[in-house]
Each structure stands twice: as structure tokens, then as C-alpha cells.
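Chain by chain, the residues run as shown.
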Amino acid sequence: MATRKDGKASSKMVITSVALQDHIRRNLLEPDLLLSDPLLKFRNKVPSKQRGNQKDVQRTDLLEEREYVLDPPPPPPTLAQRMGLVAPPPGRLSEDQWRQVKTRSLQQRESEQPCSICREAFCLQPQVLLSCSHVFHKACLQAFERFSGRKCCPMCRRERYETRVIHDAARLFRNQCASRIQACWRGYVARRRYRNIQRSVWPKDKRLRQKFYEAKLQELNESLVRHCQTNTEAFLSDIDRLLSSSRRVFQQLERKCVSEPQEDDWERIRSQVTQRGTGDCAICLTPLCGLGLAAEAAGFSLHRGRRSVLLSCSHLFHQRCLDAFEAFAVAGRTACPLCRSTYHKRLI
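What you see is a predicted model, and the numbers here were worked out from it, not measured in a lab. (Residues numbered from 1 in each chain as written. Predicted model: local features only at pLDDT ≥ 70, side-chain atom pairs only at ≥ 80, totals over all residues. Heavy atoms only, no water.)

(A) Summary view of the packing of aromatic side chains. According to the stated counting rule, one finds 2 aromatic pairs in the structure shown. Pairing W185 with Y188 gives two aromatic rings, centres 5.5 Å apart and planes at 35°, and the pair type is tilted. Here W185 pairs with Y188, and both are found in helix α8 (residues 168-200), just 3 residues apart, close to one helical turn. For Y188, a relative accessible area of 37% translates into the label partly exposed. Consider the rings of F212 and Y213, whose centres lie 5.4 Å apart with planes at 70°: the pair is edge-to-face. Overall, the relative accessible area of 12% leaves F212 in the buried class. Taking relative accessible area as the criterion, Y213 reaches 46% and is therefore assigned partly exposed. Lying over the aromatic face of Y161, K151 brings its terminal NZ or CZ to 5.2 Å of the ring centre. (Phe/Tyr/Trp six-rings, centres within 6.5 Å; stacked < 30°, edge-to-face > 60°. Helix = DSSP H or I, 4+ residues; strand = E, 2+ residues; numbered from the N terminus. Buried < 20%, exposed > 50% of the residue type's maximum accessible area, 1.4 Å probe, protein only. Lys NZ or Arg CZ within 6 Å of the ring centre and 35° of its normal.)

Structural data, given as C-alpha cells:
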């Protein structure tokens, strides 16, 4: 009987030692064994199709902004934990517990503040919520865990925490962007209405009223310039055409109005020239001959062969000078070189 009892006690002691060794191996030496044990590698190996499906699910979750737990499922309990030799690991948080953690994080305004690791705003980048109600960038937390070599909260140093992907900061950032866009649009609409009011209602201040009317006049000038033709050649050709047509009209009117003077009229014109005492031709500026003028009385025999022409406007010129002037006249218009009026001429 004693031998049986000793055998049972020894076997129980062996089972207990094996359970404790297994527990120590899994908890304390797990990283080294995972790298060296091919069976564990094979167990943890996930097919590529399943990985692709997981990535697709994560992408769809991010697109739909669904919150999900980022940590893998807990490992099965060890033999020592099932025998009660070691306390079992804490269970995963339920949805109600996660809701309480998120409520506490919202009260502390963790999503409104920048990330405590990189000190940058969350914006639309993925963020994770820890079971201690602290919020970080997903990439920042992974880098912290990789370089620190242990899993503890960067703020409160709590170990064995759970992580959950949330989108509170992204939603808040979208709301802020929408508010800024709406504020910019409302400001633009208000400024446009104010400008329209400024253009239609004149101010009461004297200086501002003067500037208002100056701006109105400038707008009218600019609109007139815009509606005018910019082709200078065509504009000048139109001016020349209108001038030529107006000249023809004036010539016709002058021809109708001016009649040929009679003998009495010519005598009166000769008397006007004699009284005025014109002695030089206004074209060549040389002495005239005829009508008993002072130049002829002085004995200028050099110019006696040049005949003079008396115009109906009481002006006197050399015949050759007047013929040359008429030959070079614009559009064949015969006008007096002095008074620019239509005339009738007579040799003297």
C-alpha cells in the first residue's frame, strides 16, 4: 500500500513538474521556441489565400469604418493552468467593456489630441484604442512595441493590454474639414453679396461716394473699350471713307449755293482788292501785276509777264501758281488757298 501511495505521489509530482515546465516554456521562452520549432511554424502558418482574404476584410472594414480587435485570439491554456497550478490568463474584453473604455477615452478627448508618440494629428491615419483608454497611431504603437521589446502602454506602462482599431479621429477630422469648407463657402457668398451691395448702393461718406462714382465711370469706359473695334487699320479706313463722303457732300452743297458773279460783282470784288492793298501772291510770295497795285507802280518789270487771277472770294494769285495749286488739290476739290471756300476765277 505504501509503495502504491509513493508511486501515485511520484507520478503526480512528475505531471506537476512537466506542466510547470510547459508553462514556463510557453510564457518565458516563447519567442526563441517559435523561431526554432518547425511544428509551431507549421501551426502558425496561414495560407496565402487566407491572408489575402484577411487583408481584403481589413480593407473593407477600414472603408466601412468598422471597429475590430487587432490582437490575435489568446492561446489555449497550458496544462498548469488547467490543473490550477497557475492562474489562468485574463479573458478578452467584451463589447460592453470596450464601450466603457471608449466612453472613457472620449471623455478624456484622446482622439482630439495628437498622438503621444509622434506628436502629430491623427487625421485619416489608422488609430488604435488600448484597453487602458489611450489612443495612438497604429504604426507608432507597432514601432514602439518592436523597439522596446515588450508590450506595455507608452503612457501608463500597463502590460498585457488589448488593442482595438477605431475611427473617431478620422470622423472628427472629416467633420472639421466639412466645417472649414462650409465656412469658406459662406464667407465667399457673404463677400460676393457685399460687393454687389457696394456696386449698387452709393456710400454716404463724401470721399467714398467720389470713389464709387469713379469706379462706375471706369467700368463704363472699360465696357466701351471692350465693345469697340480693336482693328486700327479698319478704323482708320472707315474714318477716311467717311471724310471723303462728307467732302463730296460739302462740295455738292457749295456748288449749288455758290453762283457765278456778274459784272457788277466783279467790279465790287476788284474794289475790295484795291482797298485791301494786296501786293504779293499768297502762294509764291512774289509781287502781283494788274489792278494798278503798288507793286506795278514801283516798276517791277521782271514779273510783268505773269498774269494774275482774281477769285470770287476777293483773293488774288498768279495764274500759274493757282493752276499748280489746283493740280495738287486733294480729290480734285477747288478751294481758295486762303479761305478754303469754293470760288470762281477771272483773269486780269
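(B) Looking closely at unusual backbone geometry. A positive phi is found at R109, a non-glycine position, where the angle reads about 55°. Along the polypeptide, R109 turns up in the loop between α6 (95-108) and β2 (127-130). Under the relative-accessibility criterion, R109 is labelled exposed at 52%. You will see that L285, though not glycine, has its phi angle at about 60°, which is positive. Tracing the backbone shows L285 in the loop between α11 (263-276) and α12 (294-297).

(C) Inspection of the sheet that holds strand β7 (residues 345-347) at higher detail. Within the open sheet, the 3 strands sit side by side as β6-β5-β7. Their pairing is antiparallel. Two strands close off the open sheet at either side, each with one partner strand: β6 (316-318) and β7. Neighbour-to-neighbour, the strand axes of the sheet open up by a mean angle of 30°, direction not taken into account. Looking at chain direction, strand β5 (residues 308-311) and β6 are connected through 3 bridges and run antiparallel. Residue pairing in the sheet places V309 in a bridge with F317 of β6. Along the sheet face, α11 touches β5, β6 and β7 and points at about 110° away from the line of β5. The strands touched by helix α13 (residues 319-327) within the sheet are β5, β6 and β7, with β6 carrying the most contacts at an inclination of about 90°. (Pairing = 2+ DSSP bridges. Axes fitted to C-alpha atoms, helices over the stretch in contact; angles between N-to-C directions. Contact = heavy atoms within 4.5 Å.)

(D) Main features of the nonpolar core. Formed by 18 residues in total, the largest nonpolar core has its most connected members in L129, L130, F136 and L141. Sorting the residues of this core by element identifies α6, β2, β3 (135-137), α7 (138-148) and β4 (163-166) as the ones contributing at least two each. Here the element with the most residues in this core is β2; it accounts for 3 residues. Contacts of L141, omitting those with residues within four sequence positions, involve I117, V128, L130, F136, P154, Y161 and T163. Judged by nonpolar contacts, the second largest core, of 15 residues, contains I269, L288, L310 and L311. (Core = buried A, V, L, I, M, F, W, Y, C linked by side-chain atoms within 4.5 Å.)

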